[in-house]
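# Results of the structural survey
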Amino acid sequence: AAEQTGETAQNIASESRTWSGGAAVGFLSNTPDGTAVALNLHADRFLQRNVSLGPLLQLGFTEDMNQVGFSGQGKYWIDISQTDNRAKLVLQAGVGFVHADHARNDTSFLIPLGMGVDYSMTQAIGLTGTFLLNFTDLDTGARSHTDVLPGLAFGVRF
């Protein structure tokens, strides 16, 4: 079976099917309303074993603000040695837009750059941790201008 040969969920996704998806929760700092609870949803279409493209939806919530970011992401997956191909370092970059509704609404460009770790628990499920720096130009009113939104999220990939 795949488990016995060292294949992982990411390897199987890239070889036996072309799509993988996932969800993560965490925090997004420096939003127009401070630190937000974050929910990230993503999909990856593998073009090669170590290269994928796909959408990333980032949602941020505070008591007084909702923020939505959508981008197309490119990812490069690097094997971490001595993990039997289970762990990958994932480098990613993208481009899209972000909208926030604090004080007044604003929509701006979004350039998420980040890195993470993906660990395959089984043939079909992986655990993820991702750090993103989201570059933007959001300005939703008095003293709420932001240029960089750092985020950290942990989740699953299937």
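See above for the structure.
Attention here is on the structure that accompanies the text.

Direction of pairing for strand β1 (residues 19-31) relative to strand β8 (residues 145-157): antiparallel, over a ladder of seven bridges. When the bridges of β8 are listed, Gly26 appears paired with Ala153. In the sheet, strand β7 (residues 126-139) pairs with β8 via 12 bridges, with the strands oriented antiparallel. Bridge pairing in β8 links Phe135 to Val148.

Right, let's talk about the pattern of salt bridges for a bit. Considering all chains together, one arrives at four salt bridges under this definition. The residue Lys88 makes a salt bridge to Asp79 at a minimum N-O spacing of 2.2 Å. Among the residues examined, Asp79 registers a relative accessible area of 32% and is labelled partly exposed. Among the salt bridges present, the one from Asp118 reaches Arg157, with a minimum N-O distance of 2.6 Å. Residue Asp118 is located in strand β6 (residues 104-120), and its partner Arg157 is located in strand β8; the two are separated by 39 residues in the primary sequence. Take Asp118 and Arg157: they sit in the same class, and that class is buried.

A separate point is the packing of aromatic side chains. Inspection of every chain in the model, using the stated rule, returns two aromatic pairs. Look at Phe46 and Trp77: their rings are 5.3 Å apart centre to centre, the planes differ by 45°, and that puts the pair in the tilted class. Of this pair, Phe46 sits in strand β2 (residues 34-48) while Trp77 sits in strand β4 (residues 66-79), placing them 31 residues apart in sequence. Centroid distance Phe70 to Phe97: 6.3 Å. Interplanar angle 45°. Geometry classified as tilted. Of the two residues, Phe70 is situated in strand β4 and Phe97 in strand β5 (residues 87-102); the sequence distance between them amounts to 27 residues. For Phe70, a relative accessible area of 37% gives the class partly exposed. According to the relative accessible area criterion, Phe97 is partly exposed, its value standing at 42%.

Conventions we followed
Residues numbered from 1 in each chain as written. Predicted model: local features only at pLDDT ≥ 70, side-chain atom pairs only at ≥ 80, totals over all residues. Heavy atoms only, no water. Pairing = 2+ DSSP bridges. Helix = DSSP H or I, 4+ residues; strand = E, 2+ residues; numbered from the N terminus. Salt bridge = Lys/Arg side-chain N within 4 Å of Asp/Glu carboxyl O. Buried < 20%, exposed > 50% of the residue type's maximum accessible area, 1.4 Å probe, protein only. Phe/Tyr/Trp six-rings, centres within 6.5 Å; stacked < 30°, edge-to-face > 60°.

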